[in-house]
Amino acid sequence: MRAAVLQAVGDETVEVRDDVEVVGPGPGEVRVAIRATGVCHSDLSAMNGTIPQPTPAVLGHEGAGEVVAVGEGVGTIKLGDHVIVVWVPPCGTCRYCLGGQPNLCTQVMYSAGLTPRFVVGGSPAYGFAGTGTFAEEVVLPVQGVVAIDKDVPWEIASLLGCGVVTGVGAAINAAKVRPGSSVLVYGCGGVGMAVIQGARIAGAAEIVAVDRVEAKLDQARRFGATHAVVPERLGGPKDEITEGDGFDYAFEVIGRPETIRAAYDNVRRGGTAVVVGAGRAEETVELNAFELFYSEKTLKGTIYGSADVRTDFHRLLRLWKAGRLDLEGMISDRLDLSKINEAFAKMRAGEAIRQVIHFGGAA
Ligand code: APR
Ligand code: ZN
Ligand code: ZN
């Protein structure tokens, strides 16, 4: 079958090959024919070493598809089910799963990530983040899929699997944005646009979007930003909205030390800066000892939208069905897997919101 393979960390391109095989499903696993998969910045981050990933690996982690085989002992998921792929599969029994933070569960994620799921040219290969959705078929632990209604279009379902749950969840689950508050969002890719929508849904009074790519600014307004500026012009809306004081919340949705620092600097005393972007382990953000105490700000990380995907995917789909979450508008490009390296180039230039790869099959 066809899949996009990263041979080694540091490679600037992936190889689209026809000779990839998928292994399984074994007990407790399912095989899913991927119908649509979004291109997320984390795929690039696996290529350049920002996010650790053993190689060779099939990239892609934001996908949806149809269950085409079920392994022994799988009771909850059936052949033909439509599912969203989950890259933090909740084991259901650990302290995080039982304590309301299943997005922090590592029980299944680590084993899925360290099990070669594919065979490429006769050698074992991993799936990125334990998934590998840039492939016609993937094998996943049963906890790594959530079944959804069959009338949801594949491309809409795929987006939920990473960018949308991460971004909307950052606003509504991690920050719990209060109605009437002021919000700043750094970075308007797919995840940033989802943060903007989450803040809008939560009832933020002002949402200021910041991106260095001018073309993103009008698009950000479409998703609910009340102001949108390049970084050099942030002072204007900051003064107008907060009298220079700073925002109630700032979200960093890029993964760079300087923008994390800027997010922290641009929240008011007592406000909350939320790190959504995935940065490199070698890079550090400096905060001085006095400001940590004196400013009483909260600096908070969030992974996978601090979500419980077993319920939050359905919640997000209800918002979409009610017309309150714009997912169609987030799809800037539709493409075939053969164009994946061009999609990465576009993402490096900051020009895409979400590019979605289609594998065929019924809409
Ligand atoms: N200042 C302002 N905007 C910037 C800067 C900067 N220094 N650097 C990048 N950007 C903008 C880009 O122009 C682009 O619009 O940030 C946006 C990033 O968007 P994408 O590359 O599409 O990334 P996305 O998929 O949204 O992911 C964002 O969230 O989940 C994490 O790993 C993911 O760290 C990544 C982040
Ligand atoms: Zn768990
Ligand atoms: Zn992602």
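No experiment lies behind these values; they were computed from the predicted model shown.

A.B. asks: Tell me what's going on with the overall build of the protein chain, and back it up with residues and numbers.
C.D. replies: The helix and strand tally for the protein chain stands at eleven helices and 19 strands. The C-alpha radius of gyration of the protein chain comes to 20 Å, within 12% of the 21 Å expected for a compact globule of 363 residues. A principal-axis box enclosing the C-alpha atoms of the protein chain has dimensions of 60 × 40 × 40 Å. Taken across its 363 residues, the protein chain has 57% of its residues classed as buried. For the protein chain, the exposed area adds up to about 14,800 Å²; of that, 50% sits on carbon and sulfur atoms. A gap of 5 Å separates the mean positions of the 34 positive and 43 negative side-chain charges of the protein chain.

A.B. asks: Quick one: what's the story with the pattern of salt bridges, residue by residue and with numbers?
C.D. replies: By the definition in use, this model includes 21 salt bridges. Where R35 meets E66, a salt bridge forms, and the shortest distance between an N and an O atom there is 3.2 Å. Of this pair, R35 sits in strand β4 (residues 29–39) while E66 sits in strand β6 (residues 62–70); the two residues are 31 residues apart in sequence, bridging distant segments of the chain. E258 is the salt-bridge partner of R256, the closest N and O atoms lying 3.1 Å from each other. Its relative accessible area of 33% is what places R256 among the partly exposed residues. Here the residues in one salt-bridge network are E15, R17 and D19, joined through shared partners.

A.B. asks: Now, about the coordination of the zinc ion (ligand 2): what can you tell me, with residues and values included?
C.D. replies: Reference values for coordination geometry: four tetrahedral donors around a metal ideally subtend 109.5 degrees, six octahedral donors ideally subtend 90 or 180 degrees. For the zinc ion (ligand 2), the full set of protein donor atoms is C91 (SG), C94 (SG), C97 (SG) and C105 (SG), and the range of their distances to it is 2.3 to 2.4 Å. Every donor counted, the four donor atoms about the zinc ion (ligand 2) form angles of 105 to 114 degrees at the centre, which fits tetrahedral coordination. In primary sequence terms, the donor set of the zinc ion (ligand 2) follows C-x2-C-x2-C-x7-C. C91 sits in the buried class, given a relative accessible area of 18%. Look at C97 and you get buried, because its relative accessible area is 8%.

A.B. asks: Tell me about the pairing of strand β12 (residues 182–186), residues and numbers included.
C.D. replies: Most of β12 is tucked away, with five of its five residues classed as buried. Every second residue of β12 is oriented toward a common face, with S182, L184 and Y186 on one face and V183 and V185 on the other, all of them buried. Note that β12 and strand β13 (residues 206–210) share five bridges and pair parallel. Residue V183 lies in a different strand from β13, and its bridge partner there is I207. The β-α-β motif built from β12, the intervening helix α5 (residues 190–202) and the parallel element β13 has right-handed crossover chirality. Bridge count for β12 against strand β15 (residues 247–252) is four bridges, and the pairing is parallel.

A.B. asks: Mind laying out empty space enclosed by the protein, listing which residues take part and the relevant values?
C.D. replies: Tallying each qualifying case throughout the model produces three cavities of 30 Å³ or more. Within this model, the largest cavity holds a volume of roughly 50 Å³. Around the largest cavity sit V165, V168, G169, I172, N173, D312, R315, L316 and L319, which together line it. Counting only elements with at least two residues in the lining of the largest cavity, the list comes to α4 (154–174) and α10 (309–321). Here the lining of the largest cavity is built from residues that sort into five nonpolar, two polar and two charged.

A.B. asks: Tell me about the packing of α4 against α5, and name the residues and values.
C.D. replies: At their nearest, the axes of α4 and α5 sit 7 Å apart, and the two run at 40 degrees to each other. With respect to α5, the element α4 is oriented oblique. As α4 runs across α5, the sense of the crossing is right-handed. Each of G163, V164, T166, G167, V168, A170, A171 and I172 in α4 lies in contact with α5, whose residues at this interface are V191, A194, V195, G198, A199 and A202. When grouped by side-chain class, the residues that make up the contact of α4 with α5 number ten nonpolar, four polar and no charged.

A.B. asks: Account for the site of ligand 1, with residues named and values stated.
C.D. replies: Neighbouring residues of ligand 1: 22 residues in total, closest H41, S42, D211, K216 and R354. In this structure, G189 approaches ligand 1 through a main-chain N or O atom, which is 3.5 Å from an oxygen atom. Take R354: an N or O atom from its side chain is 2.9 Å from an oxygen atom of ligand 1. For ligand 1, the accessible surface in isolation is 740 Å², of which the surrounding protein chains cover 92%. When the residues that make up the shell around ligand 1 are grouped by side-chain class, the tally is ten nonpolar, eight polar and four charged.

A.B. asks: Talk me through the packing of α4 against α10; I want residue IDs and the actual numbers.
C.D. replies: Each pair of packed helices can be summarised by the angle the axes make with each other and by the distance between the axes. Two elements in contact, α4 and α10, have axes separated by 10 Å at closest approach and are oriented at 95 degrees. Classed by the angle they form, the pair α4 and α10 counts as roughly perpendicular. Between α4 and α10, the residues in contact are I156, L160, G161, V164, V165, V168, I172 and N173 and D312, F313, R315, L316, L317 and W320, respectively.

A.B. asks: Please provide a residue-by-residue account of the domain arrangement of the protein chain, values included.
C.D. replies: Domains assigned within the protein chain are domain 1 (3–163 + 306–358) and domain 2 (176–301). Its C-alpha centre places domain 1 at a distance of 27 Å from the equivalent point of domain 2. Contacts between domain 1 and domain 2 engage 17 residues on the former and 16 residues on the latter. Counting the surface domain 1 buries against domain 2, the share from its top three residues, T50, R324 and I353, is 34%.

Conventions and cut-offs
- Residues numbered from 1 in each chain as written.
- Chains lettered and ligands numbered in written order.
- Predicted model: local features only at pLDDT ≥ 70, side-chain atom pairs only at ≥ 80, totals over all residues.
- Heavy atoms only, no water.
- Helix = DSSP H or I, 4+ residues; strand = E, 2+ residues; numbered from the N terminus.
- Rg over C-alpha atoms; globule rule 2.2 N^0.38 Å.
- Buried < 20%, exposed > 50% of the residue type's maximum accessible area, 1.4 Å probe, protein only.
- Areas by Shrake-Rupley, 256 points an atom, 1.4 Å probe, with all protein chains shown as cover.
- Lys, Arg positive; Asp, Glu negative; His and termini not counted.
- Charge placed at Lys NZ, Arg CZ, Asp CG, Glu CD.
- Salt bridge = Lys/Arg side-chain N within 4 Å of Asp/Glu carboxyl O.
- Donors = N, O, S within 2.8 Å, 3.2 Å for Na, K, Ca; no water.
- Tetrahedral: all angles 85-135°; square planar, octahedral: opposite > 155°, others 65-115°.
- Pairing = 2+ DSSP bridges.
- Right-handed = clockwise from strand over helix to strand, strands pointing away.
- 1 Å grid on protein atoms, 1.4 Å probe; cavity = no way out; pocket = protein on both sides within 12 Å on 5 of 7 lines; lining within 4 Å.
- Points joined across faces, edges and corners; volume = space filled by probe spheres on them.
- Nonpolar A, V, L, I, M, F, W, Y, C, P; charged D, E, K, R; others polar.
- Axes fitted to C-alpha atoms, helices over the stretch in contact; angles between N-to-C directions.
- Parallel < 35°, antiparallel > 145°, perpendicular 65-115°, else oblique.
- Left-handed = near helix turned anticlockwise from the far one by under 90°.
- Contact = heavy atoms within 4.5 Å.
- Near = heavy atom within 4 Å.
- Polar contact = N/O pair within 3.5 Å; in protein donor to acceptor, adjacent residues only side chain to side chain.
- Domains from an automatic or database assignment.
- Buried area = accessible area lost by both parts, 1.4 Å probe.

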